[in-house]
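Spelled out, the chains give:
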Amino acid sequence: QVQLVESGGGLVQAGGSLRLSCAASGRTFSSYAMGWFRQAPGKAREFVAAISGSDRLTSHADSVLGRFTISRDNAKKTVYLQMNSRKPEDTAVYYCVAAREKPYLPVDRNDYQYWGQGTQVTVSS
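Given the structure is predicted, the values throughout are model-derived calculations rather than measurements.

A. Region of the structure containing the sheet that holds strand β7 (residues 68-73). Within the open sheet, the four strands sit side by side as β1-β3-β8-β7. Their pairing is antiparallel. The strands lining the two open edges of the sheet, one partner per strand, are β1 (4-7) and β7. The sheet shows a mean angle of 15° between the axes of neighbouring strands, direction not considered.

B. Quick peek at the packing of aromatic side chains. Scanning the model with the defined rule gives five aromatic pairs in all. An angle of 65° between the planes, with centres 6.1 Å apart, marks the rings of Tyr32 and Tyr114 as edge-to-face. Here Tyr32 is found in strand β4 (residues 32-39), whereas its partner Tyr114 is found in strand β10 (residues 114-115), with 82 residues between them in sequence. A relative accessible area of 10% means that Tyr32 is categorised as buried. With 5.7 Å between their ring centres and 75° between their planes, Phe37 and Phe47 make a pair best called edge-to-face. Of this pair, Phe37 sits in strand β4 while Phe47 sits in strand β5 (residues 46-51), and the two are 10 residues apart along the sequence. Its guanidinium or amino end placed over the ring of Tyr95, Arg45 lies 4.0 Å from that ring's centre, counting from NZ or CZ. Across from the ring centre of Phe29, 4.4 Å away, lies the NZ or CZ of Arg72, which sits over that ring.

C. Layout of the pattern of salt bridges. Summed over the entire model, instances satisfying the criterion amount to four salt bridges. Note that Glu46 and Arg38 form a salt bridge whose closest N and O atoms lie 2.6 Å from each other. In this structure Glu46 comes out as partly exposed when scored by relative accessible area, which is 34%. Accessibility expressed as a relative area gives 5% for Arg38, which makes it buried. Among the ionic contacts, a cluster of salt bridges with common partners joins Arg38, Glu46, Arg67, Arg86 and Asp90.

D. Main features of the side chain of Arg38. Counting through the fold element by element, Arg38 comes out in strand β4. A distance of 3.0 Å separates polar atoms of two side chains, one belonging to Arg38 and the other to Asp90. For Arg38, the side chain forms a polar contact with the side chain of Tyr94, separated by 3.0 Å. Each residue touching Arg38, except ones within four places of it in the same chain, is listed here: Ala44, Arg45, Glu46, Val48, Ser63, Val64, Phe68, Glu89, Asp90, Ala92, Val93 and Tyr94.

E. Region of the structure containing the nonpolar core. Counting residues in hydrophobic clusters, the biggest one holds 37 residues, and the most contacted among them are Leu4, Met34, Trp36, Leu81 and Tyr94. Contributing elements (two or more residues each) for this core: β3 (18-24), β4, β5, β7, β8 (78-83), β9 (92-100) and β11 (119-124). For this core, the element with the most residues is β9, which contributes six residues.

About the cut-offs
- Residues numbered from 1 in each chain as written.
- Predicted model: local features only at pLDDT ≥ 70, side-chain atom pairs only at ≥ 80, totals over all residues.
- Heavy atoms only, no water.
- Pairing = 2+ DSSP bridges.
- Helix = DSSP H or I, 4+ residues; strand = E, 2+ residues; numbered from the N terminus.
- Axes fitted to C-alpha atoms, helices over the stretch in contact; angles between N-to-C directions.
- Phe/Tyr/Trp six-rings, centres within 6.5 Å; stacked < 30°, edge-to-face > 60°.
- Buried < 20%, exposed > 50% of the residue type's maximum accessible area, 1.4 Å probe, protein only.
- Lys NZ or Arg CZ within 6 Å of the ring centre and 35° of its normal.
- Salt bridge = Lys/Arg side-chain N within 4 Å of Asp/Glu carboxyl O.
- Polar contact = N/O pair within 3.5 Å; in protein donor to acceptor, adjacent residues only side chain to side chain.
- Contact = heavy atoms within 4.5 Å.
- Core = buried A, V, L, I, M, F, W, Y, C linked by side-chain atoms within 4.5 Å.

This is the structure:
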């Protein structure tokens, strides 16, 4: 069982930066692929980024490529999402997710067994 707790959300002006953190419980954190999804008001939940257990593989949605970076620290059992050059359309609830390691890096929400409660990120124009 894995429990995920996000932190770092808040209000930021367009163009600003913010870093989200997700602390995980459990003994085998390094065996889980981790990721971030987001859901804006009135929209479907969408993939943002993912990272493999060994952190050798990463994937980012086209909408955030070059602006957001996912990383992890297995010793601290924490995954991060560094968000730069924020845009108003990045406003959403951001969810940290975990999946038992697979032979591919999952980007589909159905591949993730564990979800955090979510943290609100608001970007003002």
